[in-house]
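One-letter residues, chain by chain:
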Amino acid sequence: LAVTLACRSLFQLFYSFFKSLVGKDVVVELKNDLSICGTLHSVDQYLNIKLTDISVTDPEKYPHMLSVKNCFIRGSVVRYVQLPADEVDTQLLQDAARKEAMQQKQ
């Protein structure tokens, strides 16, 4: 039960963080090696992502994606999300991670 609560809390942390990036440009790398650049439109509690104004980083490999302008990405297929460095408050993330670690020890 404690592990389940810790995982749920960690997902809440990521969910809250991604919600603060709505409207920012991100790159989402999928587990099938497709990388999609776009503007973060929304994210839900399952870390599903909606992007607008998308483009792929390798259009020669994925020509069928050239006509796609918006997409929905299931959270379970995401490998990485690259964020704009100037939008990340590293101090806030470190403080939240420390707080989470302290709560898990108790």
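Up top is the structure.
As the structure is a computational prediction, the values presented were derived from the model and not from experiment.

Undergrad: Sorry if this is basic, but what is going on with the sheet that holds strand β4 (residues 71-73) here?
TA: For sheets, the rule is that strands pair by backbone hydrogen bonds, running either parallel or antiparallel. Taken in spatial order, the 5 strands of this open sheet run β4-β3-β2-β1-β5, and their pairing is antiparallel. This sheet does not close on itself; its edge strands, each paired only once, are β4 and β5 (78-82). On average, each strand axis in the sheet is inclined to that of its neighbour by 45°, with strand direction left out of account. As paired elements, strand β1 (residues 25-30) and β5 share 4 bridges and run antiparallel to each other. In the strand pairing of β5, Val 27 is matched with Gln 82.

Undergrad: What exactly am I supposed to notice about the side chain of Thr 39 here?
TA: Note that Thr 39 resides in strand β2 (residues 35-43). Judged by its relative accessible area of 17%, Thr 39 is buried. Among the polar contacts made by the side chain of Thr 39, one reaches the side chain of Asp 25 at a distance of 2.8 Å. Excluding anything up to four places from it in sequence, Thr 39 contacts Gly 23, Lys 24, Asp 25, Lys 50, Leu 51, Thr 52 and Asp 53.

Undergrad: Before we go on, may I ask you to explain the pattern of salt bridges in this structure?
TA: When their charged atoms lie close together, side chains carrying opposite charge are able to pair. A complete count under the given rule lists 3 salt bridges for this structure. With its nearest N and O atoms 2.7 Å apart, the salt bridge here joins Asp 33 to Arg 79. Of this pair, Asp 33 sits in the loop between β1 and β2 while Arg 79 sits in strand β5, and the two are 46 residues apart along the sequence. Taking the relative accessible area as the measure of exposure, Asp 33 reaches 48% and is therefore partly exposed. By relative accessible area, Arg 79 is classed as partly exposed at 34%.

Cut-offs and rules
Residues numbered from 1 in each chain as written. Predicted model: local features only at pLDDT ≥ 70, side-chain atom pairs only at ≥ 80, totals over all residues. Heavy atoms only, no water. Pairing = 2+ DSSP bridges. Helix = DSSP H or I, 4+ residues; strand = E, 2+ residues; numbered from the N terminus. Axes fitted to C-alpha atoms, helices over the stretch in contact; angles between N-to-C directions. Buried < 20%, exposed > 50% of the residue type's maximum accessible area, 1.4 Å probe, protein only. Polar contact = N/O pair within 3.5 Å; in protein donor to acceptor, adjacent residues only side chain to side chain. Contact = heavy atoms within 4.5 Å. Salt bridge = Lys/Arg side-chain N within 4 Å of Asp/Glu carboxyl O.

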